[in-house]
Amino acid sequence: QVQLVESGGGLVQAGGSLRLSCAASGRIFNNYRVGWFRQAPGKEREFVAAIRWSGTNECYADSVKGRFTISKDNAKNTVYLRMNSLKPEDTAVYYCAADRAFSSTCNADANYDYWGQGTQVTVSS
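Residues numbered from 1 in each chain as written. Predicted model: local features only at pLDDT ≥ 70, side-chain atom pairs only at ≥ 80, totals over all residues. Heavy atoms only, no water.

**Structural notes on the state of the cysteines**
- In the structure shown here, the tally under the stated rule is two disulfides.
- One disulfide in the model links C22 with C96; its S-S distance is 1.9 Å. What sets the handedness of the C22 and C96 disulfide is the S-S torsion sign, and at about -70 degrees it is left-handed. Linking C22 in strand β3 (residues 18-26) with C96 in strand β9 (residues 92-99), this pair joins segments that are 74 residues apart in sequence.
- For C22, a relative accessible area of 0% puts it in the buried group.
- Residue C59 pairs covalently with C106 via a disulfide, S to S 2.2 Å. Note that C59 is positioned in strand β6 (residues 59-60) and C106 in the loop between β9 and β10 (114-115), a separation of 47 residues in sequence. (Disulfide = S-S within 2.5 Å. Helix = DSSP H or I, 4+ residues; strand = E, 2+ residues; numbered from the N terminus. Buried < 20%, exposed > 50% of the residue type's maximum accessible area, 1.4 Å probe, protein only.)

Right, dumping it as structure tokens:
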């Protein structure tokens, strides 16, 4: 079993930055993938970014490439999502998730087995 706890959300002005954290506990292996998804009100959940638990194999949604960076701190068992140049359309609840099978596609939420409770990010214009 894997537990994921997100933190770091908040209110920020457009153009600002935030760093989200996903603290993981339980049995996690290097072939797991940890991803970030988001869901805005009235919209479907969408993929943001993902990274292999070993710290390699990053992937990003086109909408965040060049603005968001995913990384991992091995000592803290934590995955981070650094978000720069935030836009109002980035407003959403952000979820951390883990894929235990390192599926062939990084952006399909159906491939993820464990989910955190989410953290709210609000970007004001």
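After that view of the structure, there is still more to cover.
**Quick look at the pairing of β3**
- Of the strand pairs in this sheet, strand β1 (residues 2-7) and β3 are connected by six bridges, and their pairing is antiparallel. Of the residues in β3, the one forming a bridge with S7 is S21.
- Bridge analysis of β3 against strand β8 (residues 78-83) gives six bridges, and the strand direction is antiparallel. What sits directly across from L18, in β8, is M83. (Pairing = 2+ DSSP bridges.)

**Here we look at the packing of aromatic side chains**
- By the definition in use, this model includes five aromatic pairs.
- What links up through ring pairs into an aromatic cluster is the set F37, F47, Y112 and W115.
- In this arrangement the basic side chain of R33 is found over the ring face of F102, its NZ or CZ atom lying 4.0 Å from the centre.
- The aromatic ring of W115 is capped on one face by R45, whose charged end is 3.9 Å from the ring centroid. (Phe/Tyr/Trp six-rings, centres within 6.5 Å; stacked < 30°, edge-to-face > 60°. Lys NZ or Arg CZ within 6 Å of the ring centre and 35° of its normal.)

**With respect to the pattern of salt bridges**
- Overall, the coordinates contain seven salt bridges when judged by the stated rule.
- Here R38 and D90 are joined by a salt bridge, their closest N and O atoms 2.9 Å apart. In this pair, R38 sits in strand β4 (residues 33-39) while D90 sits in the loop between β8 and β9, placing the two residues 52 residues apart along the sequence. A single burial state applies to R38 and to D90, both of which are buried.
- We note a salt bridge from K65 to D62, for which the minimum N-O separation is 3.3 Å. By the burial criterion, K65 is exposed, and D62 matches it.
- The network of salt bridges with shared partners includes R38, E46, R67 and D90. (Salt bridge = Lys/Arg side-chain N within 4 Å of Asp/Glu carboxyl O.)

**Concerning the sheet that holds β3**
- Read across the open sheet, the four strands follow the order β1-β3-β8-β7; overall the sheet is antiparallel. The outermost strands of the open sheet, each flanked by one partner alone, are β1 and β7 (68-73). With strand direction ignored, the average angle separating the axes of adjacent strands in the sheet is 20 degrees. (Axes fitted to C-alpha atoms, helices over the stretch in contact; angles between N-to-C directions.)

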